[in-house]
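# Overview (structure and organization)
Chain residues, written in single-letter form:
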Amino acid sequence: MDHIETEPIDLVRDKNFIDKYFSLIIKKELNIDIDVSNEYIAAQNIVSRKLILVKTFSDAVMETPELYLLLASLIHDVNTHSLTKGQIIRALEKE
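To start, this report covers the structure provided alongside it. (Residues numbered from 1 in each chain as written. Predicted model: local features only at pLDDT ≥ 70, side-chain atom pairs only at ≥ 80, totals over all residues. Heavy atoms only, no water.)

## Some words on the layout of surface pockets
Rolled over the atoms, a probe as big as a water molecule pinpoints where empty space is left. Within this model, the largest pocket holds a volume of roughly 180 Å³. Lining the largest pocket are 14 residues; nearest its centre among them are Pro8, Ile9, Val78, Asn79 and His81. Of all the elements in the fold, those that place two or more residues in the lining of the largest pocket are strand 2 (51-55) and helix 3 (65-79). Among the residues forming the lining of the largest pocket, the class breakdown is seven nonpolar, five polar and two charged. (1 Å grid on protein atoms, 1.4 Å probe; cavity = no way out; pocket = protein on both sides within 12 Å on 5 of 7 lines; lining within 4 Å. Points joined across faces, edges and corners; volume = space filled by probe spheres on them. Helix = DSSP H or I, 4+ residues; strand = E, 2+ residues; numbered from the N terminus. Nonpolar A, V, L, I, M, F, W, Y, C, P; charged D, E, K, R; others polar.)

Rendered as structure tokens:
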């Protein structure tokens with residue numbers, strides 16, 4: 001039986017991994033080199049009290065629809081726990 005890995009991402013402690021992963025996916029999908037470290041922040045959801053990633057997109061992201069949609073999708077994947085820390089680490093190790 002396959003092992004299902006569900007180690008959650010610590011949005012503060014793992015920010016460097018998240019930044020590198022987002023940049024890697026953007027490079028692969030759109031062939032754009034971008035530093036995403038200032039494109040989002042970790043903040044507490046006022047309803048659930050859980051940490052989530054919140055978009056703080058720059059003009060460069062806002063003016064590029066494909067980049068906006070991809071980065072918004074990646075943030076959504078983190079916020080909904082669709083993406084695990086293990087998946088991020090494995091993707092980064094392949095590069």
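Still more ground to cover, so stick around.
## Considering the pairing of strand 1 (residues 40-44)
Remember that side chains alternate between the two faces of the sheet whenever the strand is regular. Relative to strand 2, strand 1 runs antiparallel, the two sharing five bridges. When the sheet's bridge partners are listed, Tyr40 is paired in strand 2 with Lys55. Hairpin connection between strand 1 and strand 2: a loop of six residues separates the two successive antiparallel strands, and Arg49 in this loop has a positive phi of roughly 70°. (Pairing = 2+ DSSP bridges.)

## Details of helix 3
The terminal C-alpha atoms of helix 3, which comprises 15 residues, lie 21 Å apart, in line with the 21 Å expected from a rise of 1.5 Å per residue. In the core, the buried residues of helix 3 are packed alongside helix 1 (15-30), strand 1, strand 2 and helix 2 (59-62). (Expected span 1.5 Å × (residues − 1). Contact = heavy atoms within 4.5 Å.)

## With respect to the nonpolar core
Counting 24 residues, the largest nonpolar core has Ile18, Tyr21, Phe22, Ile26, Leu53 and Leu71 as its most contacted members. For this core, the secondary structure elements donating two or more residues are helix 1, helix 3 and helix 4 (85-94). Counting residues per element, this core draws most heavily on helix 3, which supplies seven residues. With near-sequence residues (within four places) excluded, Ile18 lies in contact with Ile9, Leu11, Tyr40, Leu53 and Ile88. (Core = buried A, V, L, I, M, F, W, Y, C linked by side-chain atoms within 4.5 Å. Buried < 20%, exposed > 50% of the residue type's maximum accessible area, 1.4 Å probe, protein only.)

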